[in-house]
Structures are given as C-alpha cells and as structure tokens.
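Structural overview
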Amino acid sequence: MATSHATADAHEHAHGAQHHGPTVGTYNVVIIALLVLLIITLGAAAVDLGSLNLPIAMVIAVIKAAIVMTFFMHLKFSSGVVRTFAVMALVFLVLLWLFPMADFMSRGMMPY
Amino acid sequence: MAADAHAHGGHGGHRHSALQHQFDDMEQQRDSLSMGMWLFLATELMMFGGLFFAYSFYRWQSPWAFHEGASLLDQKLGTINTFVLLASSWTMAMAVHYSAERNKKMLALMLLITVLFGAAFLGIKAVEWGKDYQEGLVPGIRWNYYEHHAGPKKLQELAEHGVSPTNVKMYFTIYFCMTGLHAIHMIIGIALVGYFIFLALKGQFMGGNEQPVEILGLYWHLVDIIWIFLFPLLYLTAGFNPAHFFGGAGGH
C-alpha cells in the first residue's frame, strides 16, 4: 500500500512537473529577455523619433507582455480553453478601446 | 487515484484531498481553476482598459500636456521601480516552479522575496507621490505647481504648444488614477503573497494541491503587465534622458 502510494505520488509529481512546464533555465532566459527589452525601451525613448516613439514603445511593451503571458503565466503550457479565455480578454479590451474611439473620431472630436 | 495519493497525510483540521468533489479529475479541476482566474483577469483588463482609453483620448487631444506632465515625473525612480517589478515577476514564477517541485523552503523563500520587491515598489512609489505633493502636482489636493514653481516663461511655452496648465492637470489626474489603481492591486497582491507564505510554511501546497500558487502568480503577473504599459506611457512620453538617470537629479 505504501509503495503504491509512493509510485502514485511520484507519477503525479512527474506529471505535474511536466504540466507546469518551464524549467528554471527558461525562467532565467525570460527575465533576462524582459530586462534587455526594458533597456531597449529606455534606449528608444532616449532618441527623438517624433511620432514614431510611441508606436515603438508600445510594440516593445506588447512583446514584453506576450513573453510574460506565454512563459510566466504558462499559456504555452495551458489547455485550449484557458488560452481561449486569455485571448478573449484581449479581444474585449481592443473592442472597449476601438469603438468609443471610433465614436469620438466620427464626431470630429479628435485632431487628425 | 492521483487525488488520494496524499490524502493519508490529512489528520486534524480541514485538510482535504486536492481533487474537489465537483470535478471528475485533476485535469478538469486544473482547467476550471485557470479558466476562472483568466475570466477574472479579463474583468481586470476591462477596468484598466477604461483608464487606458481615457489616457489615449486626452493624449490625442493635447499631446504636449502629456509631454509636459511626463517631464515633471521622477524618471529615475520610475525606471528603478520597473526593474524591481520585473524582478518580482521572476521570483513569483520561481515560487510557482518550486511549488510544483514540492520544495517548501524555496517556495516560501521565493514568495518572501516577491513580497519584499513588492514592498520596495510601493515604498518608491510613495516617495514619488510625496515629491509630487511637495511640488504641487496633485490635482484636487495640492495643485499649485504653475503658481509657485514655474515662471511665466513656462506658461508661455505651454501656450505656444496649444495647451494650458489645465490640460497638464488632466495628465496628472490620469497619472494618479492609473498608478493609484495599480498600487491598490500591489497592496492586495502583497497581502495575498504574505498569506501564502504563511500557508506554505504550514505545509500547504505540498500534496498535489499547489495550483493556488500558480493562480496567485497569474494575478501578480497581470499587475506586472499593466505596469509594463504604464511605464512608457506615463514616464517616457517626453523621452528618456540617461544624463538625468545617472546624475543624481530626477527627471527634470
């Protein structure tokens, strides 16, 4: 009985570890990538690129967020239903931003 | 079968098997909990999304006010805080890793370092807000920067760019709403991680029931992601000056 417990435990452990995905090495690479991207953000902001500064900063921020979601938040190792919920959260966020902004633009309230 | 592998350890109190009775198996339980948390995170994004929309709207209408506002923040402290928060996400990810490894000591240690990083972030933020208060940059509480600290030349410069101090006041209103809501999330996160240290030291999460640590991690990482966007939007709008950063002075 004790042995069967031990094997079940070991099996579950191995299974669990596999499910939890990333290794320490992966996490180390991820944090270094995030810190490098932060330094790139600062470097890009140090140069005056006019109207390009904002899109560049946002693209880097999106890459950083995607890295955090993929590895730190385990989406790479999650099931389809969990990934769908994560993506839908972003879709709703885009809708929340896009339609009010389109409304204000159509009323001539935005200088463009 | 996996569920009762650790049930033998449960005596006294309310320690129960990791598989709750409403689920068929561990995989279904795992997906349900993750899905529920992501749904909550979606509502969090809706809440912050409103603020990001307000930011976009007012920045689009008066870009120079945001340029001016960002130049009045302490860029050095904001940058240090960004490094601190990224590091805290790494320690939180490590905590989740060690909970899966059933390493109680390392789990508690990583959670503790996460709390310390979180507290450091809030401490630095408090110093920043204190400086903003002293300079008269807090709308509704102490807003007299342009009366006491900026000369007529500054007002003329604003006028040349088509904005007034009122527009800058709008920037600071948004700045305090966004960093304030973010800080509230940090306070809640720190309290939860602190509670989880207590649970971890009691031996919780060591019997195949470590998923709550991962769920807590999802929350912590979301708060980090929001800051990843807040930092360039609020602090770098007027550019980044390395000379200010490495010389002792603040952003202005």
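Predicted model, so just to flag it, every value in this text is computed and none were measured. (Residues numbered from 1 in each chain as written. Chains lettered and ligands numbered in written order. Predicted model: local features only at pLDDT ≥ 70, side-chain atom pairs only at ≥ 80, totals over all residues.)

What follows deals with the overall build of chain B. Along its length, chain B carries 9 helices and 2 strands. Sequence-ordered secondary structure for chain B, helices as α and strands as β, is α-α-α-α-β-β-α-α-α-α-α. Its C-alpha atoms give chain B a radius of gyration of 23 Å, more than 25% over the compact-globule value 18 Å for 252 residues. Taken across its 252 residues, chain B has 41% of its residues classed as buried. Once local pairs closer than 6 in sequence are excluded, the contacts in chain B between residues at least 24 apart make up 76%. (Helix = DSSP H or I, 4+ residues; strand = E, 2+ residues; numbered from the N terminus. Rg over C-alpha atoms; globule rule 2.2 N^0.38 Å. Buried ≥ 20, exposed ≤ 12 C-beta atoms within 10 Å, placed from the backbone. Contact = placed C-beta atoms within 7 Å.)

Here we come to the overall build of chain A. Within chain A, the secondary structure is distributed over 4 helices and 0 strands. Along chain A, helices and strands appear, N-terminal first, in the series α-α-α-α. Intrachain contacts of chain A at a sequence separation of at least 6 include 45% that bridge at least 24 residues.

Taking 1.5 Å of rise per residue, the 23 residues of helix H2 (residues 24–46) of chain A would be expected to cover 33 Å, and the 33 Å separating its terminal C-alpha atoms lies within 8% of that figure. Restricting attention to buried positions, one finds in H2(A) the residues A:Ile31, A:Leu34, A:Leu38, A:Thr41, A:Leu42 and A:Ala45. Contacts made by the buried residues of H2(A) are with helix H3 (53–72) of chain A together with helix H3 (75–100) and helix H8 (211–235) of chain B. (Expected span 1.5 Å × (residues − 1).)

Do not read the predicted coordinates in detail wherever pLDDT is low. Residues and elements named next belong to chain B. Residues at a pLDDT of 70 or more form 91% of chain B, whose mean pLDDT is 90. Predicted confidence for residues 1–16 stays below pLDDT 50, and this span has 25 contacts to residues more than four positions away or in other chains. The ipTM for the predicted assembly is 0.88, set against a pTM of 0.88. (pLDDT = per-residue confidence, 0-100.)

Another aspect to go through is the interface of chain A and chain B. Facing 44 residues of chain A, the contacting portion of chain B comprises 46 residues. At the level of elements, helix H1 (2–19), H2, H3 and helix H4 (80–106) of chain A are the ones that each hand at least two residues to the side of chain A that touches chain B. When grouped by side-chain class, the residues that make up the side of chain A that touches chain B number 32 nonpolar, 8 polar and 4 charged. (Nonpolar A, V, L, I, M, F, W, Y, C, P; charged D, E, K, R; others polar.)

Here we take up the nonpolar core. Nonpolar side chains tend to gather and get buried jointly when the protein is soluble and globular. Formed by 78 residues in total, the largest nonpolar core has its most connected members in B:Ala95, B:Leu107, B:Leu111, B:Tyr171 and B:Leu234. If one sorts the elements of this core by residue count, H8(B) sits on top with 16 residues. Each of two domains, domain 1 (2–77) and domain 2 (79–112) of chain A, supplies a minimum of three residues to this core. The contacts of B:Leu234, once residues within four sequence positions are left out, are B:Ala70, B:Leu73, B:Tyr175 and B:Met178. (Core = buried A, V, L, I, M, F, W, Y, C linked by C-beta atoms within 7 Å. Domains from an automatic or database assignment.)

Its 26 residues place the ends of H3(B) 38 Å apart at the C-alpha level, agreeing with the 38 Å of an ideal helix rising 1.5 Å per residue. B:Arg102, located one to two residues past H3(B), shows a positive phi value of around 60°.

Most peptide bonds adopt trans geometry, and most residues besides glycine take a negative phi value. Residue and element names in this part refer to chain B. If you check the backbone angles, Arg102 has positive phi at about 60° while not being a glycine. Structurally, the position occupied by Arg102 is in the loop between H3 and helix H4 (104–134). Looking at Arg102, the number of C-beta atoms within 10 Å reads 18, which means it is partly exposed. Even without glycine at this site, Phe205 takes up a positive phi of about 70°. By the element assignment, Phe205 lies in the loop between helix H7 (165–201) and H8.

Residue and element names in this part refer to chain B. Contact geometry for H3 and H8: axes closest at 10 Å, N-to-C directions at 160°. Considered as vectors, H3 and H8 are oriented roughly antiparallel to each other. Here the hand of the crossing between H3 and H8 comes out left-handed. When H3 is examined against H8, the residues Gln75, Gly78, Thr82, Leu85, Leu86, Ser89, Met92, Ala93, Ala95, Val96 and Ser99 are found in contact with a partner set consisting of Val213, Glu214, Gly217, Trp220, His221, Asp224, Trp227, Phe231 and Tyr235. Residue composition of the contact of H3 with H8, by class: 11 nonpolar, 7 polar and 2 charged. (Axes fitted to C-alpha atoms, helices over the stretch in contact; angles between N-to-C directions. Parallel < 35°, antiparallel > 145°, perpendicular 65-115°, else oblique. Left-handed = near helix turned anticlockwise from the far one by under 90°.)

Moving on, we get to the packing of H4(A) against helix H1 (residues 26–61) of chain B. For the pair H4(A) and H1(B), the least separation of the axes is 9 Å and the interaxial angle reads 20°. As judged from the angle between their axes, H4(A) and H1(B) are roughly parallel. Of the two elements, H4(A) crosses H1(B), and the hand of that crossing is right-handed.

Within the fold, B:Leu45 resides in helix H1. For B:Leu45, a count of 19 C-beta atoms within 10 Å translates into the label partly exposed. For the pair B:Leu45 and B:Ile174, spaced 129 residues apart in sequence, the C-alpha separation works out to 16 Å. Each residue touching B:Leu45, except ones within four places of it in the same chain, is listed here: A:Ala89 and A:Leu93.

The subject of this paragraph is the confidence of the model for chain A. Scored by pLDDT, chain A comes out at a mean of 85, with 81% of its residues at no less than 70. In this model, residues 1–18 of chain A is a region of pLDDT below 50 whose contacts with residues beyond four sequence positions or in other chains number 15 contacts.

Turning to the environment of B:Val96, a few remarks are in order. Residue and element names in this part refer to chain B. In this structure, Val96 sits in helix H3. According to the C-beta neighbour criterion, Val96 is buried, with 29 such atoms within 10 Å. For the pair Val96 and Ile226, spaced 130 residues apart in the sequence, the C-alpha separation amounts to 20 Å. Aside from chain neighbours lying at most four places away, what touches Val96 is Val213, Glu214 and Gly217.

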